[in-house]
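The chain contents come next:
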Amino acid sequence: MKVSGSHIERVKEWTNIGYEASERSTIQSTVEKLSKEGKHVINIIHGDKTMIGGDYTKSITFLWEADTEEPIYKALMDKAAEEKRLEDELYQQKLLLISENTKIKNILQEIADIEKRIKTAESNDLYTEKDIKEMDNEDIHKTLGIGFAFAGLGVFFFIVGLVADGAIAVIETIGGVVAFLIAGIIISVAFSDIKKYRESRFERMNSKNAEIIKDKKNVNYLKTEIVRKQDELKKCEANRTKLLAELQKKEKYLEEFKKKS
């Protein structure tokens, strides 16, 4: 079956004489290159020669035709298809490795969380209303900090708008208004949270303490759970080592395959 396509080369030289020699060389080398790929040039289209940045430049389009059953072209297409398959395989291998790394990260976090629960349960410390209030204040201060940061940004925009001219002044003023609106919303949320936190503080304290009391009764189970998680972690780490070795092997094979003529 006959197939056709095009290939574009760009000639660029800083002198007219050098350009003509470069153009002849480019045409000759490109025709030879396409011929080695089983592509027979049937037409050459010259673009307009222009002067860009002090250089003469022109694009040359090579129209080619090939037979899919011609050995040279068929071998080239087979190699391209195999290279694509290897690249897809390598990509899937990378996804597997990423997934395993994510799994390991999650297990480590789960172990840390369980260890924290055990430590809290064994310390015999329960949350007081003061503890919950301090946590609430920290959250509120963070929210207020973000709100005041947007307010500061709004002031900055307004100042720039005052000293700027034309469209820039308008844009900066609009930016200031938007920043102040966002600041107002965030600060309003922070103040509404104060009431919400105050009303639910006792309930949240009891809920946290109920979890600690429950963990006190299940410390042995939690320690067993850590051992199970550690075993799972070892298996995942071993699998990650295996996946990494396979990835490196596939990368090396693909690199060597690309070097083959």
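Refer to the preceding data block for the structure.
Overview of the structure. This structure is a prediction, so every number in the text was calculated from the model and none was measured. (Residues numbered from 1 in each chain as written. Predicted model: local features only at pLDDT ≥ 70, side-chain atom pairs only at ≥ 80, totals over all residues. Heavy atoms only, no water.)

Summarising the element assignment, methionine 77 is placed in helix H2 (residues 71–122). Given a relative accessible area of 34%, methionine 77 falls into the partly exposed group. Distance from methionine 77 to glutamate 32, taken between C-alpha atoms, is 18 Å for residues 45 residues apart in sequence. (Helix = DSSP H or I, 4+ residues; strand = E, 2+ residues; numbered from the N terminus. Buried < 20%, exposed > 50% of the residue type's maximum accessible area, 1.4 Å probe, protein only.)

The next subject is the packing of aromatic side chains. Inspection of the entire model under this criterion finds three aromatic pairs. Between phenylalanine 156 and phenylalanine 157 the ring centres are 6.1 Å apart and the planes differ by 50°, which places this aromatic pair in the tilted class. Note on phenylalanine 156: relative accessible area 47%, which makes it partly exposed. Classification of phenylalanine 157 as partly exposed rests on a relative accessible area of 22%. (Phe/Tyr/Trp six-rings, centres within 6.5 Å; stacked < 30°, edge-to-face > 60°.)

Before going further, it helps to examine the pattern of salt bridges. What the rule picks out here adds up to 22 salt bridges. Lysine 250 is the partner of glutamate 89 in a salt bridge, and the nearest nitrogen-oxygen pair spans 3.0 Å. Residue glutamate 89 is located in helix H2, and its partner lysine 250 is located in helix H5 (residues 219–259); the two are separated by 161 residues in the primary sequence. We note a salt bridge from lysine 229 to glutamate 110, for which the minimum N-O separation is 2.5 Å. A residue pair is termed long-range when its members are at least 10 positions apart, and lysine 229 in helix H5 and glutamate 110 in helix H2 qualify at 119 residues. Here lysine 229 falls in the buried class, since its relative accessible area comes to 11%. Each of the salt bridges in this network shares a partner with another, and the network as a whole consists of Glu82, Arg85, Glu89 and Lys250. (Salt bridge = Lys/Arg side-chain N within 4 Å of Asp/Glu carboxyl O.)

Ile104, Ile107, Ile111, Ile114, Ile118, Ala121, Val219, Leu222, Ile226, Leu233 and Cys236 form the largest nonpolar core, which has eleven residues in total. Elements represented by at least two residues in this core include exactly H2 and H5. A total of six residues in this core trace back to one element, the largest contributor, which is H2. Contacts of isoleucine 107, omitting those with residues within four sequence positions, involve Lys229, Glu232, Leu233 and Cys236. The next biggest cluster of nonpolar side chains, apart from the first, holds seven residues, and it includes Leu86, Leu243, Leu254 and Phe257. (Core = buried A, V, L, I, M, F, W, Y, C linked by side-chain atoms within 4.5 Å. Contact = heavy atoms within 4.5 Å.)

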